[in-house]
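# Notes for the structure review
Read off the chains here:
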Amino acid sequence: MRLAQRSLALLAAWLLLAVPARAQAPTRFVVRDGATPCLNIRPRPDATATPLTCLVPGTVVDGIGIAPYWRQVRLADARTGWAAKKFLDLADSATAPVTDRDDAWLEIHVVDVGQGDGIWIHTFDDNVPGNGRYEGRNIVIDGGPDASDARNAFLRYLRAGAYEGAVIDALIITHPHDDHYPGAEGILRHFDVREFYDSGYPKDGVKWARFRALVDAEQAGGHPIIEHIGRANLGTPDWGSELTVRFIYAYSGTPAGLGSGNTLENNASIVMRIEYGTQSILFMGDAEGKDRNGPADQPKYAERLMLESPGPAALRSTVLKIAHHGSESSSTEPFIAAVDPQIVIVSSGRKSFGGTFLPDSSTLRRYCVHNPAIRIYRTDQDDAGEGRTTATDADGDDVIVRTNGKITTVEAYSSGHRITPTSCLP
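Quick summary incoming for the structure in this document. (Residues numbered from 1 in each chain as written. Predicted model: local features only at pLDDT ≥ 70, side-chain atom pairs only at ≥ 80, totals over all residues. Heavy atoms only, no water.)

Side chains of strand β21 (residues 343-346) alternate between two faces, with I343 and I345 and V344 and V346 buried alike. In this structure, strand β20 (residues 319-321) lies alongside β21, joined through three bridges in parallel fashion. Its bridge partner lying in β21, K321 is registered against I345. With helix α8 (residues 333-339) bridging β20 and its parallel neighbour β21, the resulting β-α-β unit is right-handed. The sheet contact formed by β21 and strand β22 (residues 375-378) spans four bridges and is parallel. In the sheet register, I343 faces β22, and the bridge partner there is R375. As for the winding sense of the linkage, the β-α-β connection from β21 through helix α9 (residues 361-370) to β22 is right-handed. (Buried < 20%, exposed > 50% of the residue type's maximum accessible area, 1.4 Å probe, protein only. Helix = DSSP H or I, 4+ residues; strand = E, 2+ residues; numbered from the N terminus. Pairing = 2+ DSSP bridges. Right-handed = clockwise from strand over helix to strand, strands pointing away.)

This is the structure we're talking about:
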C-alpha cells in the first residue's frame, strides 16, 4: 500500500511539473509508423490509465505540454490527453527559436535503492524538439543492487511515471560493484537505452559478463546501443546546449596509485559534473580520497588525482553526491574545500560492513565543520531508528534536486513522507 501511495505521489509531482507550451503556437506532431496498431491517448501521463482514444500512424496533433516521457496533445476534436513521447515525430521541418526560460528545471532524482546508487536525471523539455536545447533527455547513473524486477526499487521508481520501452538517452555505470550496476539490468529490459558509459575497469566474473552481454544486445529505435568504454572514449555528452557536462575523472587503464581490491575498483569510478547556469552538480560514484584510518588532511587515490587535474576550480559545485556512500574513505578536507558544496546528498542503506553502517558520522562532520550552513540529505533517512535491514531499507527516502540554472531546491523524503532538515547533520 505504501509503495502504491508513493507512486501516486510521484505521478502527482510530475503532473505539477508538466509544462505547457507558452508564448508560441503549439508544436505540431505526427504519430510515427512504429505506433502499431495505434497510439493510445490517455487522460494523464500514466501507462495504466484507460485510453481516451487511439490514433493511427500519420495522425497530426498539437503538442501543448510535457511531463517526463510524455507529451500532452490536443486532438482535432479539441480533446486533450497524454501520449508516449517516443511515438511522436515533429510534423514540420521548421522549429520555433530557442528562448531561455526561468521555469526550465533540471531534475536529479537520487532514489532510495537501499545500500547502493541509483540516480535518474531529467532535463527540461520545452515541447519543441530538435533545437538542441531543453530536449527532455533522460540519463541514468547506476541502478542499485537488485537485478530482479520484483526487488528493484529504482526500476519501480522510473516505471511509476514511464511506460514500457521509454527512452533512456544515457546509462552510466560508474564502476562494476554489486551495489551499483545489477539494477540497471531492469533498465535494459524495460527501456530503450541509446548510449552506455563504462569506465573500462577490467571486471572479471560471470555476473558482470552477463550484464555486459545485455548491454551489447540493446537497441533503441532499431539502432544498436552506442557504447563508450574507457576514459579515452567517454567524450563530451550533448544533453542540451543549456548544460555543460564533463567527465572529471575515470579509470585511466592503469591501477597505479589507486590501491588494490575493492579500493581499486572504487577508484575506477566515473566522476561527472553538470553545470547549468550558475549551478552545478558533482556525481562522485565511489571515488575515494583516503584509507579508512588515514589522515583526513592528506588526499590519496582519486581525490588526489582530481585535485591535481583538473584542479580545485573545476571541482567547485553547488550540489555534491558524496562518494562511496559517505564512507570514511571519502571526502578529505582539501577535497571538501575545493568542491565547497551547499548541498550534500548521501546514497546509502542499512548494510553492515563489519559493524559499520554508512555514512560515517565522521565524514559528515567534516562537511559541517567546513560550512555549518551545508544541508545534508540521505537515502537512509531514519532507517536506523525504524529498525530497517537490507531487506527493508529501500523505503522511499528519495531525494529530488531541481535547478533552473539560477537557484537549486531539494525535496527530500523519509519513508515516503516529505521532510525538511534544519541543521547540517540530519
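Chemically, a disulfide is nothing more than a covalent bond linking the sulfur atoms of two cysteines. Summed over all chains, the structure comprises two disulfides. Covalent S-S linkage joins C38 and C54, the inter-sulfur distance amounting to 1.9 Å. Torsion about the S-S bond of the C38 and C54 cystine: about 100 degrees, corresponding to right-handed handedness. Highlighted residues: C38 in the loop between β2 (27-31) and β3 (39-41) and C54 in strand β4 (residues 53-55), separated in sequence by 16 residues. Taking relative accessible area as the criterion, C54 reaches 28% and is therefore assigned partly exposed. Disulfide pairing is shown between C368 and C424; the S-S distance is 2.0 Å. Across the S-S bond of C368 and C424 the torsion is about -95 degrees, and the bridge reads as left-handed. (Disulfide = S-S within 2.5 Å.)

Spatially, six strands are ordered β17-β18-β19-β20-β21-β22 in an open sheet, and the strand pairing comes out mixed. Edge positions in the open sheet fall to β17 (243-249) and β22, since each of these has one partner strand only. This sheet shows a mean twist of 15 degrees between the axes of neighbouring strands, independent of strand direction. Bridge count between β17 and strand β18 (residues 271-276): six bridges; the pairing is antiparallel. Within β18, the residue paired with F247 across the bridge is M272. Relative to β22, α9 is tilted by about 155 degrees, and along the sheet it contacts β20, β21 and β22. (Axes fitted to C-alpha atoms, helices over the stretch in contact; angles between N-to-C directions. Contact = heavy atoms within 4.5 Å.)

This part covers the layout of surface pockets. Unfilled space is identified by rolling a water-sized probe across the atoms. The calculated volume of the largest pocket comes to roughly 790 Å³. Lining of the largest pocket is provided by 36 residues; of these, Q115, D179, H325, K351 and F353 occupy positions nearest its centre. At the level of elements, α1 (2-17) and α5 (261-266) are the ones that each hand at least two residues to the lining of the largest pocket. For the lining of the largest pocket, the element with the most residues is α5, which contributes three residues. Looking at the lining of the largest pocket, its residues break down into nine nonpolar, 13 polar and 14 charged. (1 Å grid on protein atoms, 1.4 Å probe; cavity = no way out; pocket = protein on both sides within 12 Å on 5 of 7 lines; lining within 4 Å. Points joined across faces, edges and corners; volume = space filled by probe spheres on them. Nonpolar A, V, L, I, M, F, W, Y, C, P; charged D, E, K, R; others polar.)

So, about the pairing of strand β12 (residues 167-173). Most of β12 sits out of view: seven of its seven residues are buried. Direction of pairing for strand β11 (residues 138-142) relative to β12: parallel, over a ladder of three bridges. Across the sheet, the residue bridging to I141 is I172, located in β12. The parallel pair β12 and strand β13 (residues 192-198), bridged by helix α3 (residues 184-190), forms a crossover whose chirality is right-handed.

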